[in-house]
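Here's the letter readout for the chains.
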Number of protein chains: 2
Amino acid sequence: MAANSRLTIAAHALAWLALAHRRGEGVLTSEQVAASVKSNAVVIRRSLGELRRAGLVEVRHGAGAGWSLARAPEGISLLEVHDAVDGRPPFALHHSEPNLECPVGRGIRPALSGVYGRVEQAMRRELAAVTIADVLRDVLRE
Amino acid sequence: MAANSRLTIAAHALAWLALAHRRGEGVLTSEQVAASVKSNAVVIRRSLGELRRAGLVEVRHGAGAGWSLARAPEGISLLEVHDAVDGRPPFALHHSEPNLECPVGRGIRPALSGVYGRVEQAMRRELAAVTIADVLRDVLRE
DNA sequence: CCTAGTCGCAACAGCTTCTGTTACAACCAC
DNA sequence: GTGGTTGTAACAGAAGCTGTTGCGACTAGG
């Protein structure tokens with residue numbers, strides 16, 4: 001159960017909010033989102049809470065409360081969603097510093113950092129090119 | 001301690017093997033590699049064992065045993081190394097199947113699969129463009 | 001043949017992360 | 001007020017990664 005499904009959960013919730021808004025259904029509760037994702041309402045609140053801190057969704061408290069998009073779905077990229085819910089880079093360097101008396105140990109970290117940076121930028125470019133509106137369009141094309 | 005340093009460990013070991021070969025030092029033991037990575041010999045053997053199954057390194061048993069590259073470092077890309085030691089995709093879909101009675105639940109998985117596939121391909125292109133020889137050159141440029 | 005040095009592998013502990021769950025305080029429309 | 005909802009803390013269970021120990025298998029050299 002290690003894999004990284006946070007972006008999947010968040011994108012699912014946002015697409016659902018976008019569809020509800022388009023249908024004029026107003027806000028959705030975390031229970032309603034959880035029913036579509038087949039997960040737990042607290043888990044959904046955790047994810048939507050991170051999206052709220054990033055300014056992507058809005059929440060209303062109290063009775064008749066619930067969640068809605070803070071912006072048009074065309075203006076929310078998967079890159080923003082990813083950054084909001086999962087800041088981890090795809091690759092990590094050594095956990096403990098390598099042996100600096102070895103020439104490889106001295107130079108390996110900057111060398112790999114360069115490669116890893118390029119990989120991450122490539123990833124971010126692809127995520128930036130897709131919006132929640134794109135996802136919702138694909139979702140409904142069945 | 002969750003992050004993914006397997007590619008880092010493997011690339012470090014391979015660069016070290018490439019440098020030893022260039023210096024005419026013959027094979028390296030897992031203890032010697034572990035001393036440079038500052039890790040445990042068994043951990044290194046685990047990593048090099050996966051590289052051996054992928055055909056990237058060779059091992060000699062018995063006394064005077066050790067590891068060496070199976071190919072020229074110019075012919076080993078980081079993509080092959082990555083595939084050998086870490087087959088996990090960067091993103092996962094839902095752990096449990098979403099609610100198929102919801103239009104979003106029905107269409108979300110194929111929609112995200114497409115995006116995730118493009119992200120992974122972009123990542124793989126960057127990794128394929130770098131060889132162990134490139135890494136070693138960068139390492140020694142300090 | 002025997003020995004010493006090395007790999008292969010299984011088993012385990014400690015740590016971290018993720019998901020899911022329960023419980024309860026805070027909040028607000030009515 | 002009341003009822004429905006969010007915010008958050010606390011916890012359990014599962015999984016993965018690193019590090020460690022132990023032992024069998026293998027082989028160069030004497």
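Overview of the structure. (Residues numbered from 1 in each chain as written. Chains lettered and ligands numbered in written order. Predicted model: local features only at pLDDT ≥ 70, side-chain atom pairs only at ≥ 80, totals over all residues. Heavy atoms only, no water.)

1. Looking at the pattern of salt bridges
Counted according to the given criterion, the structure contains 17 salt bridges over all chains. The shortest N-O distance in the salt bridge between E80(A) and R71(A) comes to 2.9 Å. For E80(A), a relative accessible area of 28% corresponds to the partly exposed category. Here D86(A) makes a salt bridge to R88(A), at a shortest N to O gap of 3.3 Å. Judged by relative accessible area, R88(A) falls into the partly exposed class, the value being 49%. Three or more residues joined by partner-sharing salt bridges are found here, namely D134(B), R137(B), D138(B) and R141(B). (Salt bridge = Lys/Arg side-chain N within 4 Å of Asp/Glu carboxyl O. Buried < 20%, exposed > 50% of the residue type's maximum accessible area, 1.4 Å probe, protein only.)

2. As for the interface of chain A and chain B
Contacts between the two partners involve 53 residues from chain A, matched on the other side by 53 residues from chain B. With both chains or domains summed, chain A and chain B bury close to 4400 Å², and 69% of this area falls on carbon and sulfur atoms. When the buried area of chain A at its contact with chain B is split by residue, T8(A), F91(A) and V104(A) rank highest and sum to 12% of it. In this structure, the connection of chain A to chain B is made through zero salt bridges. There are 14 residue pairs in polar contact (both at pLDDT 80 or more) connecting chain A and chain B. For the side of chain A that touches chain B, the elements supplying multiple residues, two or more each, are α1 (6–22), α2 (30–37), α4 (78–85), α5 (103–128) and α6 (132–140) of chain A. Broken down by element, the side of chain A that touches chain B gets its largest block of residues, 17 residues, from α5(A). Split into classes, the residues belonging to the side of chain A that touches chain B amount to 33 nonpolar, twelve polar and eight charged. (Contact = heavy atoms within 4.5 Å. Buried area = accessible area lost by both parts, 1.4 Å probe. Polar contact = N/O pair within 3.5 Å; in protein donor to acceptor, adjacent residues only side chain to side chain. Helix = DSSP H or I, 4+ residues; strand = E, 2+ residues; numbered from the N terminus. Nonpolar A, V, L, I, M, F, W, Y, C, P; charged D, E, K, R; others polar.)

3. Details of the relation of the copies chain A and chain B
The two copies are related by a screw operation: chain A maps onto chain B through 180° of rotation and 0.0 Å of translation along the axis, at an RMSD of 0.0 Å. Overall, the copies show the geometry of a two-fold rotation axis. With an isologous cut-off of 70% or more, the 100% of interface residues of chain A that recur at the interface of chain B puts this contact in the isologous class. (Least-squares fit on C-alpha atoms with pLDDT ≥ 70 in both.)

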